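One-letter residues, chain by chain:
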Amino acid sequence: WTFGSKAYKDEATLYWESFEEKLVQMRSISESLDAEFQIVISPTLYDIDKTGAHPHFNYLEFDFSCATISPRENIMAIGEKYTIKIYDPALEIRRIFEARLKEGNFTPYFFAGDDNHFNSTAATYFAEVIAKDWR
């Protein structure tokens, strides 16, 4: 549903609308507590590794060509619509990853067979990118 595959496009759109409503509610609660509501996008393996360098890269053979929704674009649009600060470290983390590859210094950024949870190497870069932007 996140990517709105063609078979579930209408249902996915409803889920995205509900998600947007929940984000607006969370923003409202944050403001009532005099806190700023912000969103951090956690990049996936497919945001970082564009060459398939990781062991077990896409071992489930996901086919993103049927996607009708770009989750990143949706979240960015929600942030813009409601003036919510969005942190998206994917491009910088990918740049660092690709520099390591170019130097022949491959280190996995994600746990083997897990396209969604980065390891301590990527977490360190993630924290540095977010902290730099946060300042």
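Residues numbered from 1 in each chain as written. Predicted model: local features only at pLDDT ≥ 70, side-chain atom pairs only at ≥ 80, totals over all residues. Heavy atoms only, no water.

K.L.:
Quick question: what am I supposed to make of helix α5 (residues 120-134) here?
P.N.:
For an α-helix the count is 3.6 residues per turn, leaving residues at separations of three or four pointing the same way. With 15 residues, α5 should cover 21 Å at 1.5 Å per step; its first-to-last C-alpha distance of 20 Å lies within 8% of that length. For α5, the complete set of buried residues consists of Ala122, Tyr125, Phe126, Val129 and Ile130. For α5, the buried positions fall inside an angular range of 130 degrees around the axis, keeping them on one side. Turned more than 90 degrees away from the buried face of α5 sit Ser120, Lys132 and Trp134, all of them exposed. (Helix = DSSP H or I, 4+ residues; strand = E, 2+ residues; numbered from the N terminus. Expected span 1.5 Å × (residues − 1). Buried < 20%, exposed > 50% of the residue type's maximum accessible area, 1.4 Å probe, protein only. Arc of directions from axis to C-beta.)

K.L.:
What is the right way to look at the side chain of Asn119 in this model?
P.N.:
Within the fold, Asn119 resides in the loop between α4 (90-102) and α5. Judged by its relative accessible area of 13%, Asn119 falls in the buried class. Among the polar contacts made by the side chain of Asn119, one reaches the main-chain amide nitrogen of Ala122 at a distance of 3.2 Å. Residues contacting Asn119, with those up to four places away along its chain left out, are Pro108, Tyr109, Phe110 and Phe111. (Polar contact = N/O pair within 3.5 Å; in protein donor to acceptor, adjacent residues only side chain to side chain. Contact = heavy atoms within 4.5 Å.)

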